[in-house]
Amino acid sequence: MQGKDALVIKDLSKIFHTDQGEVVALDNINLNIKEGEFISIVGSSGCGKSTLLRIISGLEHQTSGTVTGLNGEITGPGEDRGMAFQESRLFPWLTVEKNVLFGLGYNKKKELTKKEQLELAYKYLNLVGLRDFGKVYPNQLSGGMQQRASIARALISNPQTLLLDEPFGALDALTKVNMQQEIQRIWQEEKRTVILVTHDIEEAIYLGDRIIVLSARPGKIQDIIEVNMPRPRFRSSAHFVEIKKKITSRFFTEQNIDDDYNI
């Protein structure tokens, strides 16, 4: 993968202070992510995957080390990063259209007329296949459609990097596969950098250019696997199965640690 670094993570560690003492969630993470790259991060429960993503988003602060984006060192949330979670987190009292517009942010809204804001909202609703659902409320949508709206909201501010924290984890198997195809299509159309945290190894392989395998807590980079497969990818292909076996073997060879903390 050629091009500029969209993110540089250097010597990053995170320690939580709890009633039981210190918990080292992440230990000495070093990683360069290129512009336009699709990165999948996998690891056992409690290994610090979501903590790492929250640090990149600026919602959590590392104990040591740095995260640097295209606009400089990351010290807090910014419009250059959009994020979607496992739950859609849509506001139930707002229509889908207004939920998406909420993602624009105060400064961007000031730069645009009401008409331009709506045009932008429907650009992204169209991108995620929800153009005809702007006037409905979230409870009138299926789980997969709610996640589409959440992704549209994350994209409307034109972020350089899209952060996805188990976005399809709560969906049924068929909807999940459909959403994986959709996020791949959106990534190919939008050419953004995407970082996906997932427990689903097949999802990581299907979507990622590279797969970052984190060890059990404390989370360290155990392996970085290049997925040199053309798209669309077929889960039954020999190369796909080979990569899945390689990742799975990593989890069986490391020591199992109880997940006492939600990190």
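Bear in mind the structure is a predicted one, so any value in this text is a computation, not a measurement.

Draft legend 1. Representation of the overall build of the protein in the model. If you tally the helices and strands in the protein, you get eight helices and 10 strands. Computed over its C-alpha atoms, the radius of gyration of the protein comes to 18 Å, within 12% of the 18 Å expected for a compact globule of 263 residues. Expressed along its principal axes, the backbone C-alpha trace of the protein runs to roughly 55 × 40 × 40 Å. Out of the 263 residues in the protein, the part that is buried amounts to 49%. Carbon and sulfur atoms make up 49% of the accessible area of the protein, which amounts to about 12,800 Å² in all. A distance of 5 Å separates the average location of the 33 positive side-chain charges in the protein from that of its 34 negative side-chain charges.

Draft legend 2. Structural context of the pattern of salt bridges. If you walk through the whole model with that rule in mind, you get 18 salt bridges. Here Glu 202 makes a salt bridge to Arg 235, at a shortest N to O gap of 3.8 Å. Taken as a pair, Glu 202 in helix H7 (residues 201–207) and Arg 235 in the loop between strand E10 (221–226) and helix H8 (238–253) lie far apart in primary sequence, 33 residues in all. Salt-bridge contacts for Asp 209 lead to Arg 231; the nearest nitrogen and oxygen are separated by 3.2 Å. Taken as a pair, Asp 209 in the loop between H7 and strand E9 (210–214) and Arg 231 in the loop between E10 and H8 lie far apart in primary sequence, 22 residues in all.

Draft legend 3. Region of interest: the side chain of Arg 192. Relative to the helices and strands, Arg 192 resides in the loop between helix H6 (173–190) and strand E8 (193–197). If we ignore the near neighbours within four places in the chain, the residues touching Arg 192 are Gly 36, Glu 37, Tyr 124, Leu 155, Asn 158, Pro 159, Gln 160 and Trp 187.

Draft legend 4. Inspection of the side chain of Asn 99 at higher detail. Residue position: Asn 99 is located in helix H2 (residues 96–102). Residue Asn 99 is classed as buried on the basis of its relative accessible area of 0%. Within the local environment of Asn 99, its side chain forms a polar contact with the backbone nitrogen of Phe 91, the two atoms lying 2.7 Å apart. Beyond its immediate chain neighbours, meaning those up to four positions away, Asn 99 contacts Leu 90, Phe 91, Leu 94, Pro 138 and Arg 153.

Draft legend 5. Looking closely at the environment of Trp 93. With respect to the helices and strands, the residue Trp 93 is situated in the loop between strand E6 (81–84) and H2. For Trp 93, a relative accessible area of 59% corresponds to the exposed category. Between the C-alpha atom of Trp 93 and that of Tyr 137, which follows or precedes it by 44 residues, the distance is 7.2 Å.

Draft legend 6. Focus on the sheet that holds strand E5 (residues 72–73). As summarised here, the arrangement of the four strands in space is E2-E1-E4-E5, forming an open sheet in which the pairing is antiparallel. In the strand order of this sheet, the two ends are held by strand E2 (21–34) and E5, each with one partner. This element, helix H1 (residues 49–57), spans strand E1 (5–18), E2 and strand E4 (64–69) of the sheet and lies at about 120 degrees to E1.

Draft legend 7. Focus on the packing of helix H5 (residues 143–155) against H6. Two numbers describe how H5 lies on H6: the axes approach to 11 Å, and their chain directions differ by 20 degrees. Taken together, the axes of H5 and H6 are roughly parallel relative to one another. For the crossing formed where H5 meets H6, the hand is right-handed. Of H6, the residues touching H5 (which contributes Gly 144, Gln 147, Arg 148, Ile 151 and Leu 155) are Thr 175, Asn 178, Met 179, Glu 182, Ile 183 and Ile 186.

Draft legend 8. A look at the pairing of E1. Two strands pair when backbone bridges link them, and E1 and E2 are joined in this way by 10 bridges, in the antiparallel orientation. Bridging from a neighbouring strand, Asp 5 pairs with Lys 34 of E2. Here five bridges tie E1 to E4, and the two strands are oriented antiparallel to one another. Within E4, the residue paired with Lys 10 across the bridge is Thr 66.

Draft legend 9. Quick peek at unusual backbone geometry. For the bond from Arg 217 to Pro 218, the omega torsion is 0 degrees, close enough to zero to count as cis. Within the element layout of this structure, Pro 218 appears in the loop between E9 and E10. Pro 232 follows Arg 231 through a cis peptide bond whose omega is 0 degrees. Here Pro 232 shows up in the loop between E10 and H8.

About the cut-offs
- Residues numbered from 1 in each chain as written.
- Predicted model: local features only at pLDDT ≥ 70, side-chain atom pairs only at ≥ 80, totals over all residues.
- Heavy atoms only, no water.
- Helix = DSSP H or I, 4+ residues; strand = E, 2+ residues; numbered from the N terminus.
- Rg over C-alpha atoms; globule rule 2.2 N^0.38 Å.
- Buried < 20%, exposed > 50% of the residue type's maximum accessible area, 1.4 Å probe, protein only.
- Areas by Shrake-Rupley, 256 points an atom, 1.4 Å probe, with all protein chains shown as cover.
- Lys, Arg positive; Asp, Glu negative; His and termini not counted.
- Charge placed at Lys NZ, Arg CZ, Asp CG, Glu CD.
- Salt bridge = Lys/Arg side-chain N within 4 Å of Asp/Glu carboxyl O.
- Contact = heavy atoms within 4.5 Å.
- Polar contact = N/O pair within 3.5 Å; in protein donor to acceptor, adjacent residues only side chain to side chain.
- Pairing = 2+ DSSP bridges.
- Axes fitted to C-alpha atoms, helices over the stretch in contact; angles between N-to-C directions.
- Parallel < 35°, antiparallel > 145°, perpendicular 65-115°, else oblique.
- Left-handed = near helix turned anticlockwise from the far one by under 90°.

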